[in-house]
Amino acid sequence: ARLIEEGADGFFTVVPARLHQYLCEAGIRRPDGSQRCSLQAPDLAPVLRVHSFRGSRSLVAGKRTSFAILLGNTGNTAMNSVRACVTVPKSSSRTVKGSCARSKAVSPGDLATLNVSVTATPRAKGKVRLSLIVTTDGGERTVTRTFRILPSGSCSKKGRSKGGSGGGQLCGTTNHF
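About the criteria used
Residues numbered from 1 in each chain as written. Predicted model: local features only at pLDDT ≥ 70, side-chain atom pairs only at ≥ 80, totals over all residues. Heavy atoms only, no water. Helix = DSSP H or I, 4+ residues; strand = E, 2+ residues; numbered from the N terminus. Buried < 20%, exposed > 50% of the residue type's maximum accessible area, 1.4 Å probe, protein only. Contact = heavy atoms within 4.5 Å. Phe/Tyr/Trp six-rings, centres within 6.5 Å; stacked < 30°, edge-to-face > 60°. Disulfide = S-S within 2.5 Å. Core = buried A, V, L, I, M, F, W, Y, C linked by side-chain atoms within 4.5 Å. Pairing = 2+ DSSP bridges. Axes fitted to C-alpha atoms, helices over the stretch in contact; angles between N-to-C directions.

Caption draft 1: A look at the overall build of the protein chain. Within the protein chain, the regular secondary structure consists of two helices and nine strands. Reading the protein chain from its N end, one meets helices and strands in the order α-α-β-β-β-β-β-β-β-β-β. Burial analysis of the protein chain (177 residues in total) assigns 29% to the buried set. By sequence separation, contacts in the protein chain at least 24 residues apart represent 56% of the contacts at least 6 residues apart.

Caption draft 2: Region of interest: the packing of aromatic side chains. The full count for this structure, using the stated rule, is one aromatic pair. Aromatic pair Phe67 and Phe147: ring centres 5.2 Å apart, planes at 55°, arrangement tilted. Here Phe67, found in strand β3 (residues 64-73), pairs with Phe147, found in strand β9 (residues 139-150); they are 80 residues apart in sequence, far enough to count as distant. Across the pair, Phe147 and Phe67 agree in class, each one buried.

Caption draft 3: Highlighting the state of the cysteines. On inspection of all chains with the given rule, the structure shows two disulfides. Cys24 shares a disulfide with Cys37; S-S distance 1.6 Å. As the torsion about the S-S bond is roughly 70°, the Cys24-Cys37 disulfide counts as right-handed. Here Cys24, found in helix α2 (residues 16-25), pairs with Cys37, found in the loop between α2 and β1 (48-54); they are 13 residues apart in sequence, far enough to count as distant. Residue class for Cys24 comes out buried when judged on its relative accessible area of 8%. With relative accessibility at 15%, the residue Cys37 sits in the buried group. Each sulfur of the disulfide joining Cys85 and Cys100 lies 2.0 Å from the other. Disulfide Cys85-Cys100: torsion about the S-S bond near 115°, hence right-handed.

Caption draft 4: Region of the structure containing the environment of Gly126. Within the secondary structure layout, Gly126 lies in strand β8 (residues 126-136). The partly exposed category is assigned to Gly126, whose relative accessible area is 38%. It is 5.4 Å that separates the C-alpha atoms of Gly126 and Ile149, two residues lying 23 residues apart in sequence. If near-sequence neighbours (up to four positions away) are discounted, Gly126 is found in contact with Phe147, Arg148 and Ile149.

Caption draft 5: Representation of the nonpolar core in the model. In this structure, Val116 and Leu132 are the most contacted members of the largest nonpolar core, which totals 26 residues. At the level of elements, β1, β3, β4 (82-87), β7 (111-120), β8 and β9 are the ones that each hand at least two residues to this core. Sort the elements by how many residues they give to this core and β7 lands first, with five residues. For Leu132, the contacting residues outside a window of four places in its chain are Phe53, Ile69, Ala84, Cys85, Val86, Val116, Arg141, Thr142 and Val143.

Caption draft 6: Molecular detail of the sheet that holds β8. If you trace the five strands from one edge of the open sheet to the other, you get β2-β9-β8-β4-β6, paired in mixed fashion. Each having just a single partner strand, β2 (58-60) and β6 (100-103) make up the two edges of the open sheet. Within the sheet, the average angular offset between the axes of one strand and its neighbour, ignoring direction, is 25°. Sheet topology note: the β2/β9 ladder contains three bridges and is parallel. Following the sheet pairing, Ser58 is matched in β9 by Arg148.

Caption draft 7: Representation of the sheet that holds β3 in the model. The four strands are arranged β1-β3-β7-β5 in an open sheet whose pairing can be described as antiparallel. Only two strands of the sheet have a single partner each, and these edge strands are β1 and β5 (96-98). Averaged over all pairs of adjacent strands, the angle between their axes in this sheet comes to 25°, without regard to strand direction. As defined by bridge partners, β3 adjoins β7 across nine bridges and the pair is classed as antiparallel. Looking across to β7, one finds that Arg64 is bridged to Thr119.

Right under this line is the structure:
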């Protein structure tokens, strides 16, 4: 340490094995980041963490809804080929369609946001349980959510005609038409 303080760029040792042993015990890795010896902790694979799955919990028939997924890498190596897909159960596959999104590599400790969308056909109704599957070289995570499908044109105050008829569609959970 004293040599470096005095401005030396490096030094040659008379006993390289002793320097290697000291660097190994001190936990100092090689200049390229690889392990110097087996005593050092091994590289952790990238670890995928799904922080949040933001978006509405209801879908409108005939419309597309987008969702933002916040992902993180808690490992100490880069996470490559991140892919998020919304899957629909077979019973709802004719009325609801999901999409996929990809991300570039996520560095250790960084976050990435992926946007996926779900489209409900005009004849969709009821509830649907969708699964978001995120795959990467750091593993696979599944987040499941139930969505309520609203009829098209519901809760649209702009579509009401004068006189308050509104087409006879119930708006949300209110008791007026």
